[in-house]
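These are the residues of each chain, in order.
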Amino acid sequence: MQESCIIFGGGGFIGSHIAEDLLKNGLRVNVFDKQNASKKNVAHILDKINFIEGDFNNEVDISKALKGNTYAVHLVSSTVPATSNLNTFYDVESNLVSSLRLFEKCIEYGIKRIIFISSGGTVYGNPIKLPINEKHPTEPISSYGIIKLSIEKYLYSYNVLKSLDYKILRFSNPFGERQNPFITQGLIAHLLYKIKHGNTIEIWGDGKVIRDYFYIKDGAQAIYKAIKDKSPNRIYNISSAKGLSVNQILQRFRNVLKLNFNVKYLDGRKFDVKTNVLDNRLAAKYLKWKPEFTFNEGLINTWEYFLNNG
Ligand SMILES: NC(=O)c1ccc[n+]([C@@H]2O[C@H](COP(=O)([O-])OP(=O)(O)OC[C@H]3O[C@@H](n4cnc5c(N)ncnc54)[C@H](O)[C@@H]3O)[C@@H](O)[C@H]2O)c1
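Residues numbered from 1 in each chain as written. Predicted model: local features only at pLDDT ≥ 70, side-chain atom pairs only at ≥ 80, totals over all residues. Heavy atoms only, no water.

A. Main features of the sheet that holds strand E11 (residues 243-245). Strands sit in the order E7-E9-E11 across an open sheet of three strands; the sheet is mixed. A single partner strand is all that each edge strand has here, and the edge strands are strand E7 (173-175) and E11. For this sheet the average axis-to-axis angle between neighbouring strands, irrespective of direction, equals 55°. Pairing of E7 with strand E9 (residues 210-215), which is carried by three bridges, proceeds in the parallel orientation. Looking across to E9, one finds that Phe175 is bridged to Tyr215. Sheet contacts for helix H7 (residues 216-228): E7 and E9; angle to E9, the most-contacted strand, approximately 75°. Docked against the sheet, helix H8 (residues 246-255) engages E9 and E11, running at close to 80° with respect to E11. (Pairing = 2+ DSSP bridges. Helix = DSSP H or I, 4+ residues; strand = E, 2+ residues; numbered from the N terminus. Axes fitted to C-alpha atoms, helices over the stretch in contact; angles between N-to-C directions. Contact = heavy atoms within 4.5 Å.)

Shown next, in the form of structure tokens:
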């Protein structure tokens, strides 16, 4: 029988690419997203997927959507690092509590494996050693990172106590088509949008903050590999393993995309760790996953998308 996967938050940036990739791998794909959510990100595959509207915080909606699926992917988040500390109670209730409800339901409905997309950019905190591997201490600074790590820990507990099978993919900084330029997660989308509209770019700090960026079409391929992974590993970093500072990215905009723009530097933000570069060798060895696109190739595709889409 054809296997199926439900993607919670599948109408978003990362989820839409995962949906595309799982279809290519022959799975039946169900996408769960907010009521009346825009279907723009999945418009090109809408005839091939089942789009389910509901609220992730509603147990009944989750139950209805989950039933009958082989696998589940969890991508829903109501916060981003910059907003998570504004209301930590809300962060816990909407993200942690709802995730636990989902895990209970996964057990009830016999989901064979759940894949959780965690945040390699925040769960480790300030690095002691670079590149950061999966054994690096975890000292998240933001509530966002604390919640992601808590969800990871609960998955471990649900596995030990209730045999829920899971894999965790700690994404560094994905970028690409369909990333939302209006939230403060996704630097490249945000900057390209500003440049397209002739606005001055505003940078937090001196532009020396280093991050590890990978193209989302590469990242999406890690999910099917994690679904099929037979190794005992539970956690994988998904990253390019290459660091780029904000200033270096601006340089790529100038040199690769031939863009002109003005830059204004603002005060740095306390919750931004200075450097984050993830070691991706575990994923390379066990998932046989590695980025196939160069940063420049991903950047060109992303810019083309921004030029052609409102
Ligand atoms: N984008 C990144 O840089 C990045 C990096 C690491 C991890 N992540 C994590 O990956 C996940 C997906 O990120 P993204 O960039 O695709 O975000 P996104 O906002 O584009 O997608 C999230 C989707 O979840 C949906 N959603 C939110 N609340 C919901 C609710 N109550 N009920 C139903 N649907 C709801 C949204 O409508 C949206 O379509 C998030 O959990 C995020 O924390 C993102």
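B. Representation of the site of the ligand in the model. Phe13, Ile14, Asp33, Phe56 and Tyr144 are the nearest of the 24 residues found near the ligand. For the ligand, an oxygen atom lies 2.9 Å from a polar atom in the side chain of Lys148. Protein contacts shield 87% of the accessible area of the ligand, which totals 830 Å² for the unbound molecule. Counting residues per element, the ones that place at least two in the shell around the ligand are helix H1 (13-24), strand E2 (28-33), strand E5 (113-119) and helix H5 (143-162). Looking at side-chain class alone, the shell around the ligand contains 10 nonpolar, 10 polar and four charged residues. (Near = heavy atom within 4 Å. Polar contact = N/O pair within 3.5 Å; in protein donor to acceptor, adjacent residues only side chain to side chain. Areas by Shrake-Rupley, 256 points an atom, 1.4 Å probe, with all protein chains shown as cover. Nonpolar A, V, L, I, M, F, W, Y, C, P; charged D, E, K, R; others polar.)

C. Quick peek at unusual backbone geometry. For the bond running from Leu130 to Pro131, omega is -10°, close enough to zero to count as cis. If you trace the backbone, Pro131 turns up in the loop between E5 and H5. For Arg178, which is not glycine, the phi dihedral falls at a positive 75°. Mapped onto the secondary structure, Arg178 falls in the loop between E7 and helix H6 (187-196). One non-glycine residue, Lys258, adopts positive backbone phi at about 60°.

D. Region of the structure containing the pattern of salt bridges. Under the definition given, this model contains 13 salt bridges. Glu3 is the salt-bridge partner of Lys112, the closest N and O atoms lying 3.4 Å from each other. One end of the pair, Lys112, is in the loop between helix H4 (88-108) and E5; the other, Glu3, is in the segment before strand E1 (4-8), with 109 residues separating them in the sequence. Between Glu20 and Arg178 there is a salt bridge whose closest N-O contact spans 2.8 Å. Here Glu20 is found in helix H1, whereas its partner Arg178 is found in the loop between E7 and H6, with 158 residues between them in sequence. Among the ionic contacts, a cluster of salt bridges with common partners joins Glu3, Lys112 and Lys228. (Salt bridge = Lys/Arg side-chain N within 4 Å of Asp/Glu carboxyl O.)

Interpretation note: all reported values are geometric properties and have no functional meaning in isolation.
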